[in-house]
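Coordinate inspection notes
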Amino acid sequence: AFSKAVSAMATIPIKVKWVKEKYDVEVMLDEPVEVFKAQLFALTGVPPERQKITAGAKKIEDSTDLNSLKLKPNQLLMLIGTADVLAAPAEKQVFVEDLAPEEMHGIIAAGVPMGLENLGNTCYMNSGLQMLNAAPDLVDSVTTMDGGPNQFDMQQNLAVSARDLFRQMKSAHEPVKPLGFLTRLRALFPQFDQQGEHGGHMQQDAEECLTQIMQVLNAKCKVNSQGAVDELFGIEMDVRVKCAETDAEPEVQETEKLQKLSCHIEGAVPTGDGGNKGGTDMITQSIEKGLEGTLEKMSPTLGRLAVYNRTYRIKKLPKFLLTQFVRFYWKQDTQKKAKILRAVKFPLLLDMKEYCTEEYQGRIDKYRAQVLKKQEEEKEAKKKQRTGGGDADKKPDEAGAAAAAGAEEGAAA
């Protein structure tokens, strides 16, 4: 139910002229034209729907295969289109690099981490490291790891580099160069050392890189005597497998352990009248889609290949839930990987209860009731502290009646 990592992407440097300006752009040749247009939009402010791009006498359409253009390094392309006019911000923006030293110390004290410098198409690695750096329990485990480099253990060397890098990011006053970590990452996983025909390192898949890093940290760092990633990110899924072609075969129950939840995305389907319908708009739709699936395997009852339905439900949630938008898929007509560029929204608070087993939902309800009760008790205690507590909350006649009732009870005793 979960996709394999995609291979490295071929890129080529070109120049794009728009009005009087020239821009240097790294074009990802295996990506659709929409990605290239998104890059130009970020540089020029010209929305993709207004962009008219030409490479010599060739006009670049949305359906154009960029590989078919046979672009050369530093070739000049022309862009025609009107940029959106943005309103001036109400307040002047202040950037981190413009802050005074004392203000920088305040940012660091507040726990705002410094960024990582791009060392040449290394954004895939930097994004994964920044994500892991946002999990304080994992960072604590990594930065307190014992030991040093070992020439016979390349995983240990990468974990040590992660430890040193996370320590540096805690106290840095400027973007950090993760050169040591990158060197050891490429030594352990040579696929991230691939170079293009022009000598530069190639783009890589962020999910593949993150998965490799997490596996190393899980092997070398511990939390509660368990692998750090399994303990902090581990998800347990209850999987039910049932043959869709016969009722004679009983349902099989399995348990599957994951470190991230894959969220599949569907693009809108053309309606034929120029419009579109359907498609994934919210992360909740992606999660629901990933909880149902089918597979084909040999049926012992039917004695042949048969279709089985698989239903997933969460039986244990982690402290940190990692979700991955699966944007790449294999396009059969072109025999190439393609990327779904559809924007998917997500709420600031994601309630995962409805995707869990009934037993786990009951545990969630019990825990929430306990939390709510504790909050109410704390609220009531604070209210009594403000009013002095006891009879001080009551009106004079109520306080007198309570005192009289107490005296009568004492006399009766």
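Given the structure is predicted, the values throughout are model-derived calculations rather than measurements.

1. Brief notes about the side chain of Thr143
If you trace the backbone, Thr143 turns up in helix α4 (residues 136-143). Classification of Thr143 by relative accessible area gives buried; the value is 8%. Leave out the neighbours within four places in its chain, and Thr143 touches Arg163, Phe166, Arg167 and Lys170.

2. Some points on the side chain of Asn126
Tracing the backbone through its elements, the reader meets Asn126 in helix α3 (residues 123-133). Here Glu117 takes part through its backbone oxygen, which lies 3.2 Å from a polar atom of the side chain of Asn126. Discounting chain neighbours no more than four positions away, the residues touching Asn126 are Leu116, Glu117, Asn118 and Pro178.

3. Looking at the sheet that holds strand β13 (residues 292-299)
One open sheet accounts for 4 strands, arranged β9-β8-β14-β13; its pairing is antiparallel. At either end of the open sheet lies a strand with only one pairing partner, and these are β9 (252-258) and β13. Averaged over all pairs of adjacent strands, the angle between their axes in this sheet comes to 35°, without regard to strand direction. Judged from the 8 bridges that link them, β13 and strand β14 (residues 304-316) form a sheet pairing that is antiparallel. Within the sheet, the bridge partner assigned to Lys297 lies in β14 and is Ala306.

4. Focus: the sheet that holds strand β3 (residues 52-55)
The strands making up a sheet are joined through hydrogen bonds of the backbone, oriented either antiparallel or parallel. On the basis of which strands lie adjacent, the open sheet formed by 5 strands has the order β2-β1-β5-β3-β4 and mixed pairing. Of all the strands in the sheet, just β2 (21-28) and β4 (58-60) have a single pairing partner and so form its edges. Between one strand axis and the next, the sheet turns through 35° on average, direction left out of account. Note: β3 against β4, 3 bridges, orientation antiparallel. Across the sheet, Ile53 pairs through a bridge with Ile60, a residue of β4.

5. A closer look at the packing of aromatic side chains
Taken as a whole, this structure holds 3 aromatic pairs when the rule is applied. Between the aromatic rings of Tyr124 and Phe192, the centroid separation amounts to 5.8 Å while the plane-to-plane angle is 25°, which identifies the pairing as stacked. A residue pair is termed long-range when its members are at least 10 positions apart, and Tyr124 in helix α3 and Phe192 in the loop between α6 (179-188) and α7 (206-220) qualify at 68 residues. Ring centres 6.3 Å apart and planes at 75° place the aromatic pair Phe189 and Phe192 in the edge-to-face group. The structure contains a cluster of three or more aromatic residues connected by ring pairs, namely Tyr124, Phe189 and Phe192. In this structure, Lys297 is placed above the aromatic ring of Tyr308, and the distance from its NZ or CZ to the ring centre is 4.7 Å.

6. Side note on the nonpolar core
Residues Leu132, Leu138, Phe181, Leu185, Leu217 and Phe233 are the most contacted members of the largest nonpolar core, which totals 40 residues. Contributing elements (two or more residues each) for this core: α3, α4, α5 (154-171), α6, α7 and α8 (228-233). Leaving out residues up to four positions away in the same chain, Leu185 has contacts with Met125, Leu158, Phe192, Cys209 and Ile213.

Calculation criteria
- Residues numbered from 1 in each chain as written.
- Predicted model: local features only at pLDDT ≥ 70, side-chain atom pairs only at ≥ 80, totals over all residues.
- Heavy atoms only, no water.
- Helix = DSSP H or I, 4+ residues; strand = E, 2+ residues; numbered from the N terminus.
- Buried < 20%, exposed > 50% of the residue type's maximum accessible area, 1.4 Å probe, protein only.
- Contact = heavy atoms within 4.5 Å.
- Polar contact = N/O pair within 3.5 Å; in protein donor to acceptor, adjacent residues only side chain to side chain.
- Pairing = 2+ DSSP bridges.
- Axes fitted to C-alpha atoms, helices over the stretch in contact; angles between N-to-C directions.
- Phe/Tyr/Trp six-rings, centres within 6.5 Å; stacked < 30°, edge-to-face > 60°.
- Lys NZ or Arg CZ within 6 Å of the ring centre and 35° of its normal.
- Core = buried A, V, L, I, M, F, W, Y, C linked by side-chain atoms within 4.5 Å.

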